[in-house]
Amino acid sequence: ASDLRLAKLKAALDAAVMERGALQAQVGDCGARLRRAELVVSGLGGERQRWERANVELILRISALAGDMALSAAAVAYFGPLDGFARTKARRQCETAVARAGLRASAPFDLRTCIGEQVAEEGWRALGLPADAHSAENALIMHKAVRWPYLLDPHGLASVWVRRLQTGRSLIVTRMGASSSGGGGGGGSGGGGGEFMRTLENAMMSGAALLCEHAPEVLDDALRALLAREVSVSGGVPCVRLGGRLLELSKEFRLYFATANPSPHIPPETAACVCVLNFASTAAGLEEQLLRAVVAAECPSLAEARTRLIEEGAFDKKRLGADEARILELIGSSTGNVLDDDSLVRALDSARATAAAVAAKARVDQSTATQIEAASTLYLPVAARATQLFGAVSALRYVDRVYQWDLAWFLRLFRRCVGVAQEKAKSAGRGGDDVAESRIAHMRELLLRAVYDDVHRALRSADKLTFDVSLASRLRAADGHLEEEEWAVFARVDAEMPAPSDIYASNDEDGNMRHLRPEWLPSREWAAVCALSAELPVFAPLAAEMNALLSTAESLPAADGGLPPADEEEDEGGADLTEGGAASEVLPSLAKSDEEMGATGQTWQRLFNSTAPHREQFSNSAWAAKLSTLQRLLIIKALRPDACAPLLREFVRESLGDEFGKPAAPTLVDALTASEPFTPILLLLTPGADPTAELLAFAAEGGRAKLDTLSLGQGMGPRASSLLEYALKHGSWVLLQNCHLATSWMPQLEAQVERLRELAAPGFRLWLTSAPSNVLPSSVLQTSVKLMTEPAPGLRAKPR
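Residues numbered from 1 in each chain as written. Predicted model: local features only at pLDDT ≥ 70, side-chain atom pairs only at ≥ 80, totals over all residues. Heavy atoms only, no water.

## Focus: the overall build of the protein
1) Next: The helix and strand tally for the protein stands at 32 helices and 15 strands.
2) Next: Within the protein, the proportion of its 800 residues that are buried is 46%.
3) Next: Taking contacts inside the protein between residues at least 6 apart in sequence as the whole, the part at least 24 apart equals 76%. (Helix = DSSP H or I, 4+ residues; strand = E, 2+ residues; numbered from the N terminus. Buried < 20%, exposed > 50% of the residue type's maximum accessible area, 1.4 Å probe, protein only. Contact = heavy atoms within 4.5 Å.)

Written as structure tokens, this is what we have:
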């Protein structure tokens, strides 16, 4: 019995011990869970509010998901070729169409918010992508689109970014040999020849990235299957047919097309196979790039710190994003109690440590960021002025195709001006923030002068005033000194001008203005005068003053903005139209006697008939005496559009300075001084001008250089190449004449010009002569120093 009792007690003891062990294990588990809970709570501390906000945002985005995806698909498919203005217009049209279809979308719609990632965008910026929204959208479209990208890259920024984007993997840069068989540096057609096709095959099989520069407007039919991604599987390996052969296609293969032509004529069959992206610099992107350049020149240490902060910021955001994604993955894959997952706790602890380190680093870098921001604000006026100048220069290509300059040229000019300003400040013994503003003003003046001289050197005499006026109006508008409404009226063409019947009332049953128009003034000029009087308040008395046959009562505007019928002496409200009445308070200059009105009308008639109308008195009225130069221009354009040039020159002098009124004639010395061994000098020919003799004498003067000449034509390509090789090696000069007659050799010339930076000896210069022509490659036009050669003014005057 005692043994049985002992056995029972022992069993009870064992059970108690086991229960104690289980309870101790539970206590241990509970303690561990408490510790993990503390870590989780501390790790997620402060995240609740952010997650709640994110939850609200996600609910809103989900409710607008269908509309946003429709707009995103439209943007990826169609927005790539458009510039910023056209993109905004297209986006509004798409938003209207989506709303009409009954789909809800985010307002305002932002492609980067809908399908982009901030971490990826920061990484692209660190690799050199311009910081403006247009460039960021381009990069996002390129990564989301199925088709291979075709980059419109007139300034080379996209190609540089693609090269950096492919850092760490194999990248092959090639040119497509038929890039300019039709001229234009990107015109022509074809796939680039046998050498290009062999390079493409190697890249496809090895998984390299292939950047094809100088892409033609029409791609070869041999590339059709590759462009359409018509991939088949052979032996378990993805393959694509290229030029009649089935070739292996690596999953790592990437293909980029790029052209320097800002507006190529890409046919629909090519555009349907590629993703065309317009990487032309926007004003915001260019300003940011120029601001970096001037800060780098003035404050090199801050520029280096800025680059470091961008790179480190992108890396830190990537780390934080990876930690967050890891945590969410662990929470989503957890099957039991979350607090039992030690890996989740370690991930949270690691994320907390990373976040703390990033926050501490951000606090340390805050002072540096403040200094960078202060420097950027200080030098922003220089970058803004440079952006306006480059915009005026870029617009010249719409006047003539040969008026092209690339961003590399402008950046060289920009850095040169900044350097000159620095040297002048050093030689004067000045420095510090107290004179920074005067140095900035000097930089702006130097840059304006340098751009003005460089561009004027390339312009025909007939186009110089056009550029001057464009430049002056841009700078005045940027400084807030231009009346935009008045300028819009001045820049308007006659076809956009309102008809007189839309402006003034008429008694004529046919609705014409014959009884109101002065006999001495033609209909076109009278319509322009009526438009000025109706659209700009300052010119309200103009139409009435010019018609001396109307009485004061007849001349007052009606309530609807038009002239009342001639037999009415009161307006609809019975207002007094005599001197001293309400009407004279509105337009006191009109409250005149018929005799005074007649004298005023004769003044305008005398101005209209004058051989120099800009020198005539405009009116004896007080309002006319206060007119600005632009307002006087508006009147002259309305009455005598053939006589605007003198006042336009006065407008330019007022805007830019007296020294810009009559620029000096450019010379070969100017062109040589502005050039470098790797920049060709292009002498643009006009009828009656031949600079060859002058250039030969210039080269021989003082033994300046040995000059070899060759007139291009059929079969002269090999000899031109030999002359170039000799000159490159020995540092001499070579003149290739009549490039416009050597259409088939222009691709080779383009390739030779690209090699100059690497091969040109210090004394080398490449001189080219050509009539303005479409066969000249865009890259040659953009990189060259241009000089327009015209006959002397006296010689031009004699045939007239």
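## Observations regarding empty space enclosed by the protein
Empty space among the atoms becomes apparent when a probe as large as a water molecule is rolled across them.
1) Next: Here the structure, examined in full by the defined rule, presents six cavities of 30 Å³ or more.
2) Next: Here the second largest cavity defines a volume of roughly 80 Å³.
3) Next: In this structure, the second largest cavity is lined by Trp-409, Arg-412, Leu-413, Arg-416, Asp-454, Ala-674, Glu-676, Thr-679, Thr-783, Ser-784 and Val-785.
4) Next: If you tally residues by element for the lining of the second largest cavity, the top one is helix 15 (residues 407-427), at four residues.
5) Next: Its residues assigned to classes, the lining of the second largest cavity comprises four nonpolar, three polar and four charged. (1 Å grid on protein atoms, 1.4 Å probe; cavity = no way out; pocket = protein on both sides within 12 Å on 5 of 7 lines; lining within 4 Å. Points joined across faces, edges and corners; volume = space filled by probe spheres on them. Nonpolar A, V, L, I, M, F, W, Y, C, P; charged D, E, K, R; others polar.)

## Remarks on unusual backbone geometry
Peptide bonds are mostly trans, and most non-glycine residues show a negative phi.
1) Next: Here the amide bond leading from Ala-107 into Pro-108 is cis, since omega sits at -5 degrees, within 30 degrees of zero.
2) Next: The backbone of His-214 sits at a positive phi, close to 55 degrees, despite the residue not being glycine.
3) Next: Within the secondary structure, His-214 is located in the loop between strand 4 (209-213) and strand 5 (218-219).
4) Next: On the basis of relative accessibility, which here comes to 7%, the residue His-214 falls in the buried class.

## Examining the pairing of strand 6 (residues 231-234)
1) Next: Note: strand 6 against strand 7 (residues 237-242), four bridges, orientation antiparallel. In the sheet register, Ser-234 faces strand 7, and the bridge partner there is Val-237.
2) Next: Linking two consecutive strands that pair antiparallel, namely strand 6 and strand 7, is a turn of two residues; a positive phi of about 65 degrees is found at Gly-235 within it. (Pairing = 2+ DSSP bridges.)

## Overview of the packing of helix 12 (residues 283-298) against helix 13 (residues 300-333)
1) Next: Two elements in contact, helix 12 and helix 13, have axes whose closest approach is 5 Å; the angle formed by their N-to-C orientations is 130 degrees. Here helix 12 lies oblique to helix 13, going by the angle between them. In this structure, helix 12 contributes Glu-288, Arg-292, Val-295, Ala-296, Ala-297 and Glu-298 to the contact, and helix 13 contributes Pro-300, Ala-303 and Arg-306.
2) Next: Taken together, the residues of the contact of helix 12 with helix 13 break down into five nonpolar, no polar and four charged. (Axes fitted to C-alpha atoms, helices over the stretch in contact; angles between N-to-C directions. Parallel < 35°, antiparallel > 145°, perpendicular 65-115°, else oblique.)

## Remarks on the sheet that holds strand 14 (residues 765-770)
Two strands in a sheet stick together by hydrogen bonds in their backbones, pointing the same way (parallel) or opposite ways (antiparallel).
1) Next: If you trace the five strands from one edge of the open sheet to the other, you get 12-13-14-11-15, paired in parallel fashion. Every interior strand has two partners, whereas the edge strands, strand 12 (707-711) and strand 15 (785-789), have only one. Geometrically, the sheet is characterised by an average inter-axis angle of 20 degrees between neighbouring strands, direction not taken into account.
2) Next: One ladder, built from five bridges, connects strand 12 with strand 13 (residues 733-737); its direction is parallel. Of the residues in strand 13, the one forming a bridge with Ser-711 is Gln-737.
3) Next: Along the sheet, helix 29 (residues 717-730) contacts strand 12, strand 13 and strand 14; its crossing angle with strand 12, the most-contacted strand, is approximately 165 degrees.

## Regarding the nonpolar core
1) Next: Judged by nonpolar contacts, the single largest core of 114 residues is most densely connected at Trp-604, Leu-736 and Leu-766.
2) Next: Leaving out residues up to four positions away in the same chain, Leu-736 has contacts with Leu-710, Leu-712, Ala-720, Leu-724, Trp-745, Leu-766, Trp-767, Leu-768 and Thr-769. (Core = buried A, V, L, I, M, F, W, Y, C linked by side-chain atoms within 4.5 Å.)

## With respect to the pattern of salt bridges
1) Next: Under the defined criterion, the tally for this structure stands at 32 salt bridges.
2) Next: For Arg-163, the salt bridge identified is with Glu-213, shortest N-O distance 2.8 Å. One end of the pair, Arg-163, is in helix 8 (residues 157-165); the other, Glu-213, is in strand 4, and 50 residues separate them in sequence.
3) Next: With a relative accessible area of 18%, Glu-213 lands in the buried category.
4) Next: Between Arg-308 and Asp-365 there is a salt bridge, and its shortest N-O distance comes to 3.9 Å. Placement of the pair is Arg-308 in helix 13 and Asp-365 in helix 14 (residues 342-394), with a sequence separation of 57 residues.
5) Next: By relative accessible area, Arg-308 is classed as partly exposed at 31%.
6) Next: Looking at Asp-365, the relative accessible area reads 10%, which means it is buried.
7) Next: Here the residues in one salt-bridge network are Arg-308, Glu-312, Asp-316, Arg-319, Lys-361 and Asp-365, joined through shared partners. (Salt bridge = Lys/Arg side-chain N within 4 Å of Asp/Glu carboxyl O.)

## Overview of the sheet that holds strand 8 (residues 245-248)
1) Next: Judged by pairing direction, the sheet is antiparallel, and its three strands sit side by side in the order 6-7-8 without closing on themselves. The strands lining the two open edges of the sheet, one partner per strand, are strand 6 and strand 8. Across the sheet, the mean angle separating the axes of adjacent strands is 45 degrees when strand polarity is ignored.

## So, the confidence of the model for the protein
1) Next: Within the protein, residue pLDDT values average 81, and 85% of them lie at 70 or more.
2) Next: Every residue in residues 548-594 scores below 50 in pLDDT, and together they form 70 contacts with partners more than four places removed in sequence or on other chains.
3) Next: Across residues 795-800, where pLDDT falls below 50, the model places three contacts with residues more than four positions away in sequence or in other chains. (pLDDT = per-residue confidence, 0-100.)

## Remarks on the pairing of strand 11 (residues 681-685)
1) Next: For strand 11, the tally of buried residues reaches five of five residues, placing the bulk of the element in the interior.
2) Next: Here strand 11 shows no split at all, with Ile-681, Leu-683 and Leu-685 on one side and Leu-682 and Leu-684 on the other all buried.
3) Next: Looking at chain direction, strand 11 and strand 14 are connected through four bridges and run parallel. Directly across from Leu-682, in strand 14, lies its bridge partner Leu-768.
4) Next: When strand 11 meets strand 15, the two strands line up parallel, connected through five bridges. Note that in strand 15 the partner of Ile-681 across the bridge is Val-785.

## Re the environment of Ile-372
1) Next: On the secondary structure map, Ile-372 appears in helix 14.
2) Next: Ile-372 sits in the buried class, given a relative accessible area of 10%.
3) Next: Along the chain, Ile-372 and Ala-305 lie 67 residues apart, while their C-alpha atoms are 8.2 Å from each other.

## With respect to the packing of aromatic side chains
1) Next: Under the counting rule described, the total for this entry stands at 15 aromatic pairs.
2) Next: Relative to Trp-409, the ring of Trp-405 lies with its centre 5.9 Å away and its plane at 40 degrees, an arrangement referred to as tilted. The same class applies to Trp-405 as to Trp-409, namely buried.
3) Next: One aromatic cluster is present, built from ring pairs that chain together Phe-390, Trp-405, Trp-409 and Phe-410.
4) Next: Positioned above the aromatic ring of Phe-490 is the side chain of Lys-637, whose terminal nitrogen or guanidinium carbon lies 5.3 Å from the ring centre.
5) Next: Lying across the ring of Trp-405, Lys-786 places its NZ or CZ 4.3 Å from the centre. (Phe/Tyr/Trp six-rings, centres within 6.5 Å; stacked < 30°, edge-to-face > 60°. Lys NZ or Arg CZ within 6 Å of the ring centre and 35° of its normal.)

## Notes on helix 17 (residues 461-478)
1) Next: Helix length check: helix 17 (18 residues) gives 27 Å between terminal C-alpha atoms against 26 Å at 1.5 Å per residue, within 8%.
2) Next: Inspection of helix 17 places Asp-463, Lys-464, Phe-467, Asp-468, Val-469, Leu-471, Ala-472, Ser-473, Leu-475 and Arg-476 among the buried residues, and these make up the whole buried set.
3) Next: Each element contacted by the buried residues of helix 17 is listed here: helix 14, helix 16 (436-456), helix 18 (484-491) and helix 26 (645-656). (Expected span 1.5 Å × (residues − 1).)

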